[in-house]
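Summary of the model geometry
Here are the chains, one letter per residue:
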Amino acid sequence: RSISDAATRLSFAVFDAKDALVGTAIHQQSADTGFGTVELELYPGSYKLVAVAHNGEADAAITSTTSVTLPGTTFTDTFAKVQDLTVEADEDGSFIMQLPRVTSAFILRITDTLPANLKEMEVIVNSTGTVPGSLTMNPTDGLALGHWKQTRTISAADISKDVPIYFIKQNAATVVNVKATAKDTAGNEIISHTINNVSLVPNQKTIATGCFFNSQASGTFTLDSAWDTDKNIEY
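Residues numbered from 1 in each chain as written. Predicted model: local features only at pLDDT ≥ 70, side-chain atom pairs only at ≥ 80, totals over all residues. Heavy atoms only, no water.

1. Thoughts on the sheet that holds strand S5 (residues 67–70)
Here we have four strands laid out as an open sheet, ordered S4-S5-S9-S10, and antiparallel in their pairing. Each edge of the open sheet carries a strand with a single partner, namely strand S4 (61–64) and strand S10 (143–144). Pairing of S5 with strand S9 (residues 135–138) involves three bridges; the strand directions are antiparallel. Bridge assignment links Val 68 to a residue of S9, and that residue is Met 137. (Pairing = 2+ DSSP bridges. Helix = DSSP H or I, 4+ residues; strand = E, 2+ residues; numbered from the N terminus.)

2. Some remarks on the environment of Ala 172
Take Ala 172: it is sitting in the loop between strand S12 (165–167) and strand S13 (176–184). Take Ala 172: its relative accessible area is 59%, and that puts it in the exposed class. Remark: the alpha-carbon pair of Ala 172 and Leu 10, spanning 162 residues in sequence, is separated by 24 Å. (Buried < 20%, exposed > 50% of the residue type's maximum accessible area, 1.4 Å probe, protein only.)

3. What about the nonpolar core?
Val 68, Leu 70, Phe 106, Leu 108, Met 121, Val 123 and Val 125 are the most contacted members of the largest nonpolar core, which has 37 residues in total. Counting residues per element, the ones that place at least two in this core are strand S1 (9–15), strand S3 (45–54), S5, strand S7 (104–110), strand S8 (118–125), S9, S12 and S13. When near neighbours in sequence (up to four residues on either side) are disregarded, Phe 106 contacts Val 123, Val 125, Val 163, Pro 164, Ile 165, Val 178, Ile 195, Leu 200, Thr 206 and Ala 208. (Core = buried A, V, L, I, M, F, W, Y, C linked by side-chain atoms within 4.5 Å. Contact = heavy atoms within 4.5 Å.)

4. Focus on the layout of surface pockets
Remark: the empty space left among the atoms is shown by a probe the size of a water molecule rolled over them. The volume enclosed by the largest pocket comes to roughly 1,000 Å³. Along the walls of the largest pocket sit 34 residues, with Gly 36, Val 38, Phe 95, Ile 96 and Met 97 positioned nearest its centre. For the lining of the largest pocket, the secondary structure elements donating two or more residues are S1, S3 and strand S6 (79–87). Counting residues per element, the lining of the largest pocket draws most heavily on S6, which supplies four residues. (1 Å grid on protein atoms, 1.4 Å probe; cavity = no way out; pocket = protein on both sides within 12 Å on 5 of 7 lines; lining within 4 Å. Points joined across faces, edges and corners; volume = space filled by probe spheres on them.)

5. With respect to the sheet that holds strand S2 (residues 26–29)
Pairing in this open sheet of four strands is antiparallel, and the strands run S2-S1-S3-S6 from one edge to the other. Both outer strands of the open sheet, S2 and S6, are each paired with one neighbouring strand and no more. Across the sheet, the mean angle from the axis of one strand to that of its neighbour is 15°, orientation sign disregarded. As judged from the seven bridges shared by S1 and S3, these two strands associate in the antiparallel manner. (Axes fitted to C-alpha atoms, helices over the stretch in contact; angles between N-to-C directions.)

6. Side note on empty space enclosed by the protein
Under the defined criterion, the tally for this structure stands at two cavities of 30 Å³ or more. Taken together, Leu 108, Met 121, Val 123, Ile 154, Asp 158, Ile 159, Asp 162, Val 163 and Ile 165 make up the lining of the largest cavity. Residue composition of the lining of the largest cavity, by class: seven nonpolar, no polar and two charged. Taken as a whole, the second largest cavity spans an internal volume of roughly 40 Å³. Taken together, His 54, Leu 70, Pro 71, Thr 74, Phe 75, Thr 76, Thr 78 and Leu 135 make up the full set of residues lining the second largest cavity. (Nonpolar A, V, L, I, M, F, W, Y, C, P; charged D, E, K, R; others polar.)

Here you go:
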């Protein structure tokens, strides 16, 4: 799949055998000619290539093979990989990096009728986490380097559009709590729900569907049709 199908920015860096940055990082945008391709001049030797593709509003900062800072404080759909490269003397070479998606996505679906005074839904993924000052991740294993929360405000008009909230966990085995709060036009809470122990997996959408505003109940009728022991009388 072409990189431009899912990402708007690409950052790329080369590190030598001593984990030192070779030259400077390369940054590309989807509007650039040749987006998704690079040309390098390297001395013979062993290298590690680091590539990060995302949809943020600025470039990612590649610090090392284990640390990348993404722009802003909100995850976008993100792909990352670290790959070995050996350069032989007097030989031209080429490489292809297929970047896996490191983000998961949470989607809230509401099946009941929205209240007339609903203005927006505030959805917090990993509600027990901290507010990030910046977002760093390890491109080698695709995990976040902090235990952060991600807050997304979805307008009432967009609730039916399956708006994804992207997330990268600090530990692959960690589950998160998701808190969703409906707010009225004055900013007051209408109702709030917390979904506990949600397992978010990279490259997978978790879609939570349910009746958010009204409780629903169903009933089934049965008959107690078995007769008691017969009672005999004489006349």
